[in-house]
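Observations on the model geometry
This is what each chain is made of:
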Amino acid sequence: MSSEETATSGADAPLDGAALEVVRDATETREPLPGTGGFAGEIDGNLVRDVLGRRPLFVDADDASAWAFDPRELPAPVSVPAGTVVPVGERPDSDASDRRWTLPDPDPTEDDDAALAAVRDAVLARTRALGGDDSTGDVAVAFSGGVDSAVVATGVPDAPCYVAGFEGCHDVAAARAAAAEMDRDLRVVELTHDDIREAVLALVDVLGRTNPMDLSIALPLFLVAERAAADGFDRLALGQGADELFGGYAKVEKAPDDPRVAADTVRGARHELLGTLPDQAERDVLAVRAAGIEPVAPLLHDDVVAAALDLPGHLLVDGDRRKVALREVARGVVPDSVRTADKKAVQYGTYVSRELDRLARRAGYKRRMDDHVERYVRALVSDGPVTPPDSES
């Protein structure tokens, strides 16, 4: 997100993420990737949310004239679907809702060198734009030691990098090794069980979600953001979107044999996974903003998305190599040990999922119970006792 795309909110700034004229033109032309980092809000009497849902937007289920970027401002918030235009006062699920934008699914570029060059130009341009105009001092980087966050970090070489995790976890070890290789300032947020309990309360409040997967993903991000905000930073740069865009998941690699995807090709599975981004973006953006800092995801800028969509399947996955194109772009930009490193999912790499399960079991929610961790979370955020009834323990 460039300096002119800084998020705004409030009655005097009803559009978040992009200039009004850019969004108005995209609304009229149906251009799904108009060169922004995502947008949401009100324009010309309509509510709009970009094709990938990179900015959250909510309408009150009982009063459709009320809308907000933060669901806590509404009594009964429902998400505006990505890619839609909804007249103010109409529910997103009404006949008045218009699916204005659809994510392109172009034929792959046949020239590998040209495809890689397009991705390289887009990625480097968007990461270097993180600094804006003399504003590098207000950016921190969420850093796990993998290629995604490492490439993002190169755009702001003087920015500190932050990682969260429990003692001995993969992500902290990987981040330390990568930061040493890259000669970067790394700040480690060492997590405790008290941190988890407090963060769960804050996240359920803002997300309205109690499922352990969402909370385990959002929790380390929230705590990193909270620390960066406390250190005086206004923006947190993230590597979000790289796995979805560039084929970072095992279920994409194994298509069509993986039952978790319906697609029968790597590119088809990638396109299927991109459909999960609006829900993920809503979670991550709300979590970071709840910590008092603004998220920036340069790898989800329209320019990067457009270049990634043109990639042939073998530049997404080649054998057991994933994110082939992104790793090639990172060649010479980050150390090879970082460029080729495997990455654990954040909920496992930080031990947050493991420790949340441990807290649930210590409170009496045994694994033999259905949804034992979610039941613990619900008890934690309620006013009642956390320990389950004796009949269930």
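Read on for an overview of the structure. Keep in mind it's a predicted model, so treat the numbers as computed, not measured. (Residues numbered from 1 in each chain as written. Predicted model: local features only at pLDDT ≥ 70, side-chain atom pairs only at ≥ 80, totals over all residues. Heavy atoms only, no water.)

1. Notes on the overall build of the protein
When helices and strands are tallied, the protein shows 16 helices and 15 strands. A compact globule built from 393 residues would reach a C-alpha radius of gyration of about 21 Å, and the protein, at 21 Å, matches this within 12%. When the backbone C-alpha atoms are referred to their principal axes, the protein occupies close to 65 × 55 × 50 Å. A total of 393 residues make up the protein; the buried ones form 53% of that total. (Helix = DSSP H or I, 4+ residues; strand = E, 2+ residues; numbered from the N terminus. Rg over C-alpha atoms; globule rule 2.2 N^0.38 Å. Buried < 20%, exposed > 50% of the residue type's maximum accessible area, 1.4 Å probe, protein only.)

2. Side note on a negative patch on the surface
A contiguous patch of negative charge, built from Asp107, Glu110, Asp111 and Asp113, is present on the exposed surface. A relative accessible area of 69% means that aspartate 107 is categorised as exposed. (Patch = residues over 30% accessible without salt bridge, like charges linked within 9 Å, V, L, I, M, F, W, Y side chains within 5 Å. Areas by Shrake-Rupley, 256 points an atom, 1.4 Å probe, with all protein chains shown as cover. Salt bridge = Lys/Arg side-chain N within 4 Å of Asp/Glu carboxyl O. Lys, Arg positive; Asp, Glu negative; His and termini not counted. Charge placed at Lys NZ, Arg CZ, Asp CG, Glu CD.)

3. What to know about the nonpolar core
Val48, Val123, Val141, Phe143, Leu245, Phe246 and Leu311 are the most contacted members of the largest nonpolar core, which has 69 residues in total. Those residues in contact with valine 123 that lie beyond four places of it in its chain are Val151, Leu299, Val304, Leu326 and Val329. (Core = buried A, V, L, I, M, F, W, Y, C linked by side-chain atoms within 4.5 Å. Contact = heavy atoms within 4.5 Å.)

4. What about the side chain of arginine 267?
On the secondary structure map, arginine 267 appears in helix H9 (residues 266–274). Classification of arginine 267 as buried rests on a relative accessible area of 15%. A polar side-chain atom of arginine 267 sits 2.6 Å from the main-chain carbonyl oxygen of leucine 311. In this view, arginine 267 contacts Asp105, Pro106, Asp107, Pro108, Leu309, Asp310, Leu311, Pro312, Gly313 and Leu316; residues no more than four positions away in its chain are not counted. (Polar contact = N/O pair within 3.5 Å; in protein donor to acceptor, adjacent residues only side chain to side chain.)

5. Looking at helix H10 (residues 277–290)
With 14 residues, H10 extends 19 Å between its outermost C-alpha atoms, agreeing within 8% with the 20 Å of an ideal straight helix rising 1.5 Å per residue. Among the 14 residues that make up H10, 11 are buried, leaving the element largely enclosed by the rest of the structure. Of the residues making up H10, those classed as buried are Leu277, Pro278, Gln280, Ala281, Glu282, Arg283, Asp284, Val285, Leu286, Ala287 and Val288. (Expected span 1.5 Å × (residues − 1).)

6. Some words on the pattern of salt bridges
What the rule picks out here adds up to 37 salt bridges. The salt bridge involving arginine 209 is made with aspartate 279; its shortest N-O contact spans 3.1 Å. One end of the pair, arginine 209, is in the loop between helix H5 (193–207) and helix H6 (212–230); the other, aspartate 279, is in helix H10, and 70 residues separate them in sequence. Its relative accessible area of 43% is what places aspartate 279 among the partly exposed residues. Close ionic contact of arginine 339 with aspartate 336 constitutes a salt bridge, the shortest N to O distance being 3.0 Å. Of this pair, arginine 339 and aspartate 336 are both found in helix H13 (residues 336–339), 3 residues apart, which corresponds to roughly one turn of the helix. The network of salt bridges with shared partners includes Arg209, Asp214, Asp279, Glu282, Arg283 and Asp284.

7. Remarks on the packing of helix H2 (residues 112–128) against helix H11 (residues 302–309)
Where H2 meets H11, the axes come as close as 9 Å, and the angle between the chain directions of the two elements is 165°. By the angle class used here, H2 and H11 are roughly antiparallel. Like other packed secondary-structure pairs, H2 and H11 cross with a definite hand, here left-handed. Facing Ala118, Val119, Ala122, Val123 and Arg126 of H2, the residues of H11 in contact are Asp303, Val304, Ala307 and Ala308. Residue classes in the contact of H2 with H11 are distributed as 7 nonpolar, no polar and 2 charged. (Axes fitted to C-alpha atoms, helices over the stretch in contact; angles between N-to-C directions. Parallel < 35°, antiparallel > 145°, perpendicular 65-115°, else oblique. Left-handed = near helix turned anticlockwise from the far one by under 90°. Nonpolar A, V, L, I, M, F, W, Y, C, P; charged D, E, K, R; others polar.)

8. Notes on the sheet that holds strand S1 (residues 15–16)
Read across the open sheet, the 5 strands follow the order S1-S2-S3-S7-S8; overall the sheet is antiparallel. Each edge of the open sheet is held by one strand with a lone partner, namely S1 and strand S8 (98–99). As judged from the 4 bridges shared by strand S2 (residues 40–43) and strand S3 (residues 46–49), these two strands associate in the antiparallel manner. Following the sheet pairing, alanine 40 is matched in S3 by arginine 49. (Pairing = 2+ DSSP bridges.)

As far as function goes, none of this settles anything; it's purely spatial.
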